[in-house]
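# Summary of the model geometry
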Amino acid sequence: MQKILWLFLSLAVILEARENPFETSMSPQTVGKTTQIKDELTDFKSTTLTLPSSARILKSASVTFQNLDGSISEEIVAIDQNVDWHLPLMLSQKTETTAPKPSAPVVTPPSIEKKDLPPHRFSKRKNPHQRLM
């Protein structure tokens, strides 16, 4: 009975073995990922914030962000001004507006009218080989 049991176990192990034991069972896309968070973030443009009806003075604003090294930082800006709670607050990223570069001034030559031109000495020639006198 023990021989049949060992035969059955060895057969089960052989059938479960992979052809290449060094091949990973995970796909290359999931190897090295430690979390299920997707890194498909979009660029920030703007967001709005509606204040509660009891808000009258805006004391400060804080923004929490992640640095390049992965650490989390917070910037706090003191405001201390009255605020109308009816109007939403808007936080947006300022884009650099490039002013048009001043181009080189265009110099136009003085206009010359046709009557001011001296008569062309070859203008009355009919035959190109004819000499003017």
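Report follows, based on the coordinates. (Residues numbered from 1 in each chain as written. Predicted model: local features only at pLDDT ≥ 70, side-chain atom pairs only at ≥ 80, totals over all residues. Heavy atoms only, no water.)

## Here's the deal with unusual backbone geometry
The phi dihedral of Asp80 is positive, around 50°, even though this residue is not glycine. Secondary-structure assignment places Asp80 in strand β3 (residues 72-82). (Helix = DSSP H or I, 4+ residues; strand = E, 2+ residues; numbered from the N terminus.)

## What to know about the pattern of salt bridges
According to the stated counting rule, one finds one salt bridge in the structure shown. Between Lys59 and Asp80 there is a salt bridge; the shortest N-O distance is 3.1 Å. On the criterion of sequence distance, the pair formed by Lys59 in strand β2 (residues 57-66) and Asp80 in strand β3 is long-range, its members being 21 residues apart. By the burial criterion, Lys59 is exposed, and Asp80 matches it. (Salt bridge = Lys/Arg side-chain N within 4 Å of Asp/Glu carboxyl O. Buried < 20%, exposed > 50% of the residue type's maximum accessible area, 1.4 Å probe, protein only.)

## With respect to the pairing of β2
Relative to β3, β2 runs antiparallel, the two being bridged by nine bridges. Each bridged residue has a counterpart across the sheet, and for Ala61 the counterpart in β3 is Val77. Turn length for the β2-β3 hairpin, with the two strands adjacent in sequence and antiparallel, is five residues, and the turn residue Gly70 shows positive phi of about 95°. (Pairing = 2+ DSSP bridges.)

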